[in-house]
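The primary structure of each chain is shown beneath.
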Amino acid sequence: MKLHSKGKLKTLAALTILSVALGMGANTAVAADMSHGADNFYQSDKVKTEIVKFKNIYGMEVTGTLFTPRTMEAGKKYDALIVGHPFAAVRQQAANLYATKMAEAGFVALSFDQSFWGESAGTPRGAVLPDVYAENFSAAVDFLGTRAFVDREKIGVIGICGSGGFAIAATKMDPRIKALATVSMYDMGEYFRTGLNHERTVEMRNKDLAIAAEQRYKTAETGQPVYGPGQNDPVFIEGKESNDFYQTERGKVTSNDRRSTPATYAKFMNFHPFIDIESISPRPILFVVGDAAPSRTYTDTAYKMAAEPKELVEIKGANRIDLYDRTELIPWDKLVSFFNTHLKTDK
């Protein structure tokens, strides 16, 4: 670990191939790699959990899990963290693990399902709406900041993978978020615009938009959303590691088939979370990334664009999804010390 200060899819076969490549609906094909302490479904007897529901500013109900230390003292106010799950995941995939570990360290922690996913409201299911994804972090601040046991001046956010981008967008707009950490951060907008290595051409993007437009007509005519991967890339660079988590016992949640509506994927084309990222300063940002992850390009870009105070932590040999659940690779001590320092806790 290094520290630094600073057209439509023409055939069902094509759709199936792409779905497998993206890890969206493939069946389990291989045994899970449970190395390096992979423990996505970790539970702790030091932590209490409670299912909670709250509404975002648009009146949509959001469902989450509140994690609190069993050692909490009556009348005391605690630092709090909000944990966002990867895109097309649910809170039981990575987010609950992080929330549990941070609650063990003394924080009140809240994970939640994004609107259109998991147990949260929103139709069609699996819809893409980045503005609402970002809003839900602020709604989570609303919820935590109105709990008697939370110090509303000491609320931070952890955004995992796609939620890293949504959390950046939220933090730019919401000064109540006092510190931000991203882990394996993904810029979903840039991925759908240019890909990981600029492999996506203008022609590919235009074809995606044509698919989305055509499927809007089909939805309007039938009253039913059209589901599928939603983009035309024949190969997803990080597909193997994604499937090892989402499609095996390591991280699979049966109720989440990870299927989205291609007509709504077009919304990602207008999602630019890094614009004005420097406006987050003087609030701090911690970027955690595996140095073997092809998608680390997004973290590197955001880190360069962000203003001080900022910090980059690289996990040697780790890929993107290693940092979802491999407890021996995730830098727990760094996350705890970052929030203890920058939320100015008295613990």
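The preceding data block contains the structure.
First, a word on what this report is: a plain description of the structure on this page. Being a predicted model, the structure only gives us computed values, none of them experimental.

## Looking at the pattern of salt bridges
- What the rule picks out here adds up to 17 salt bridges.
- Residues Asp-33 and Arg-326 are paired through a salt bridge, measuring 3.4 Å at the closest nitrogen-oxygen approach. One end of the pair, Asp-33, is in the loop between helix 1 (12-22) and strand 2 (47-55); the other, Arg-326, is in the loop between helix 10 (322-325) and helix 11 (332-342), and 293 residues separate them in sequence.
- The partner of Asp-300 in a salt bridge is Arg-296, with the nearest N and O atoms 2.8 Å apart. Note that Asp-300 and Arg-296 are positioned in helix 9 (residues 296-305) at a spacing of four residues, about one turn of the helix.
- Residue classification places Asp-300 among the partly exposed residues on the basis of a relative accessible area of 22%.

## Quick look at the pairing of strand 4 (residues 78-84)
- Of all seven residues in strand 4, seven are buried, a share of seventy percent or more.
- Judged from the five bridges that link them, strand 4 and strand 5 (residues 108-112) form a sheet pairing that is parallel. Counted as the bridge partner of Ala-80 is Val-108 from strand 5.
- Considered for its hand, the β-α-β crossover made up of strand 4, helix 2 (residues 95-104) and strand 5 is right-handed.

Rules of the game
- Residues numbered from 1 in each chain as written.
- Predicted model: local features only at pLDDT ≥ 70, side-chain atom pairs only at ≥ 80, totals over all residues.
- Heavy atoms only, no water.
- Salt bridge = Lys/Arg side-chain N within 4 Å of Asp/Glu carboxyl O.
- Helix = DSSP H or I, 4+ residues; strand = E, 2+ residues; numbered from the N terminus.
- Buried < 20%, exposed > 50% of the residue type's maximum accessible area, 1.4 Å probe, protein only.
- Pairing = 2+ DSSP bridges.
- Right-handed = clockwise from strand over helix to strand, strands pointing away.

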